[in-house]
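# Inside the fold
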Amino acid sequence: MKIQKSVILKFFLAFFLLLLTQVAMYFFNTAIFSIDSFSDFLSILLGSIRFALSSVALYLYPYLFFALLPLPIRQNKWYKAIENFLYILGVNLMMILNLIDVGYYKFTFKRISYDFFNYLGVGGDFKELIPQFAKDYWHIILIFVILNIILFYFYRRINRKYGSELIIANRKWYIKNIAFFVIFGSIAFLFQRGGIQLRPLSVVHANYYASSQNTALVLNTPFTLYRSWGRVDLEKKQYFPSQKDLEKYYNPIIKPEKILADTLFNEPLSVEKTNVVVIILESFSEEYLLKYTPFLSSLAKRSIVFEGYANGKRSIDGLPSVLSSLPLLSNESFITSQYGSDNISSFASLLKKFNYKTSFFHGGYNGTMGFDAFTKNVGYDNYFGRTQYNNDKDYDGKWGIFDEPFLQYMVNKLDEYKEPFTSAVFTLSSHHPYTIPLQHKNRFPKGTMIVHETVGYADYALKRFFEKAKEKSWYENTLFIITADHSAITEFPQYRTLMGTFRIPIIFFHPKLKHGIKVEKFMQQIDILPSAMSLIHYPYSFISFGQNIFSNDENYYILYLNGEYIFREGNYVLKYNDDITPTLYYLPNDPNCKKDISSSNKERLNNMTLKTKAIIEQYNSRLIENNLIIN
């Protein structure tokens, strides 16, 4: 039984190493997670063990098959070499995947899944960033090396003690080895599927062990990758018996209506006379406005300001949310999904009816993250990227053109347009690896986090943009909307809660605004398009998954996170998934949504559940049927 003992010990060696990478995930991202009690810790540990066993069983299947196959060929040296290779490959693949997420998770708030490879395949800047990532995350590479030292030390010890095998292929040998092959294979199969329950273990089951904020500590990346492999299609849902019943709870068709916001301006805005410029700041948490953005903070005092929330954690998800009012409610970004060519509304497509000139600006590689294809699909006629800028003396060496010169370039380009026009720009300097031009080194406060200096630079670039735009004739007729693609790393506790981690600035500025106002409503990215259309009195109906924030309707916030839908209405938050009983939380008393109050709020729970289901049904059906515009 020496070989059988060897296989068992190697299996649990791999399991132990995978759990060590889970520990690294926590210690290098402590600000993201919230473990409040020993019972929280035990529950997360139990869940981590279950998911780790599932991954180890799957990734070591080829090794287990070769090592336990009940045939005499097992003692052949070449056969042994293949067996050893399969083991080392499986263990290292698991460690690499999980360690990548130690650094990557803080940017996305989701474990890597199948769509990650589509994301890498869009654009040409990834190869430029690999050396920088290796430099910035050297500690993760060091952990990988240390884990391999541990792996090879114990692996050799196990081989020395149990690795030799003298096979006498008689009846007894075959019976014993076939029995172990079947028994251990069955145990490994049960590990892989997560137990004997009716449905195999899936990503959503992590919610049984931890709150939404902590599910990444239960899950491991090898698991989320293989469970999501090839599963990117939306599933058509039918929660309601008829379209009428469905629309009773949610209808994404936005209809024109009179708004009270007209009184905020010296004269009401008009769809034919108002230019619309959307500025999307890269990786910009609302927290930064407290200390590191003197210009933007000053502009906010003269603007309409909201308690803003992102509908995702990646740039590729932020663009459809901001420009087309389409949130991320699935595992794969709209841009890289099979639905990415669907007809969909945007600022550009809606305003073209009134002869608006349309343009999109991004200083990165043309094609990065599919921005050029997406913006063309939604109606932006002109795309200006690094290629069109055509001056690499302003190239940051990693992502694209520095913000300051690129925003100046944008003003010049806009000045060539005949009014009215609508344009959008996506900045890039406030992003890892956080570089700024040499002439601005040590000009901006370094703060307490690596991002703060580049936030100061991005703010300065924005200031220079407005200074130059103010000199142009079109400035007085332009509605400027400033927001972010997603939030980023933060330092203050209120921005590290479940909702706080998605806080971003959302600012509406127009030179004819009488005075600044802070609207006492939270606002999500997908509300930007319908709210802007209402401000300029857009007269036609269109499809939007957000709402007009200037209406009297109760607003909501929808988010898809780690296989779970999070729906907020007022101060209440619902967590929903088809396979789990929905739960309800009260934010003022429970900012991390850990204390379920469903039992004492059944009517609200039921109503919010129905609204969430209605949004999901509308979203899935309309994407599948390519029914996102009104003909």
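These lines cover the structure that appears in this document, whether it is placed above or below. Since the model is a prediction, treat every value here as computed from it, not as a measurement.

## Some remarks on the packing of helix 1 (residues 2-27) against helix 3 (residues 61-68)
When two helices pack together, their arrangement is given by the angle between their axes and by how far apart the axes lie. Contact pair helix 1 / helix 3: the axes reach a minimum separation of 10 Å and the direction vectors enclose 170 degrees. As the angle between them shows, helix 1 and helix 3 are arranged roughly antiparallel. On helix 3, the residues touching Ile3, Ser6, Val7, Lys10 and Phe11 of helix 1 are Tyr63, Leu64, Ala67 and Leu68. For the contact of helix 1 with helix 3, the per-class residue count stands at seven nonpolar, one polar and one charged.

## Things to note about helix 2 (residues 38-59)
Between its first and last C-alpha, helix 2 extends 31 Å over 22 residues, near the 32 Å set by a 1.5 Å rise per residue. Listed as buried for helix 2 are Ile44, Gly47, Ser48, Phe51, Ala52, Leu53, Ser54, Ser55, Val56, Ala57 and Tyr59.

## Re the sheet that holds strand 7 (residues 478-484)
Taking strand neighbours across the sheet as the criterion, the eight strands line up as 5-4-6-2-7-8-3-9 in an open arrangement whose pairing is mixed. Unpaired on one side and paired on the other, strand 5 (382-384) and strand 9 (517-524) mark the two borders of the sheet. Each strand axis lies, on average, 15 degrees off the axis of its neighbour in the sheet, ignoring direction. Taken together, the three bridges between strand 4 (residues 357-362) and strand 5 define a ladder with parallel strand orientation. By the bridge assignment, Phe361 is partnered in strand 5 with Phe384.

## Observations concerning the nonpolar core
Grouped together as the largest cluster of nonpolar side chains are 199 residues, with contacts concentrated most on Tyr87, Leu323, Phe347, Phe466 and Phe508. Ranked by size, the runner-up nonpolar core spans five residues in total, among them Phe402, Ile436, Phe444 and Tyr460.

## Description of unusual backbone geometry
A negative phi angle characterises most non-glycine residues, just as the trans form characterises most peptide bonds. Residue Pro420 is reached from Glu419 by a cis peptide bond, and omega for that bond is 0 degrees. Within the secondary structure layout, Pro420 lies in the loop between helix 17 (403-414) and strand 6 (421-426). If you check the backbone angles, Ser325 has positive phi at about 55 degrees while not being a glycine. Considering the arrangement of structural elements, one finds Ser325 in the loop between helix 13 (315-324) and helix 14 (347-351). On the basis of relative accessible area, Ser325 is assigned to the buried category, the value being 1%. The backbone of His537 sits at a positive phi, close to 60 degrees, despite the residue not being glycine. Along the polypeptide, His537 turns up in the loop between helix 19 (528-535) and strand 10 (542-543). You can call His537 partly exposed: its relative accessible area is 31%.

Rules behind the numbers
Residues numbered from 1 in each chain as written. Predicted model: local features only at pLDDT ≥ 70, side-chain atom pairs only at ≥ 80, totals over all residues. Heavy atoms only, no water. Axes fitted to C-alpha atoms, helices over the stretch in contact; angles between N-to-C directions. Helix = DSSP H or I, 4+ residues; strand = E, 2+ residues; numbered from the N terminus. Parallel < 35°, antiparallel > 145°, perpendicular 65-115°, else oblique. Contact = heavy atoms within 4.5 Å. Nonpolar A, V, L, I, M, F, W, Y, C, P; charged D, E, K, R; others polar. Expected span 1.5 Å × (residues − 1). Buried < 20%, exposed > 50% of the residue type's maximum accessible area, 1.4 Å probe, protein only. Pairing = 2+ DSSP bridges. Core = buried A, V, L, I, M, F, W, Y, C linked by side-chain atoms within 4.5 Å.

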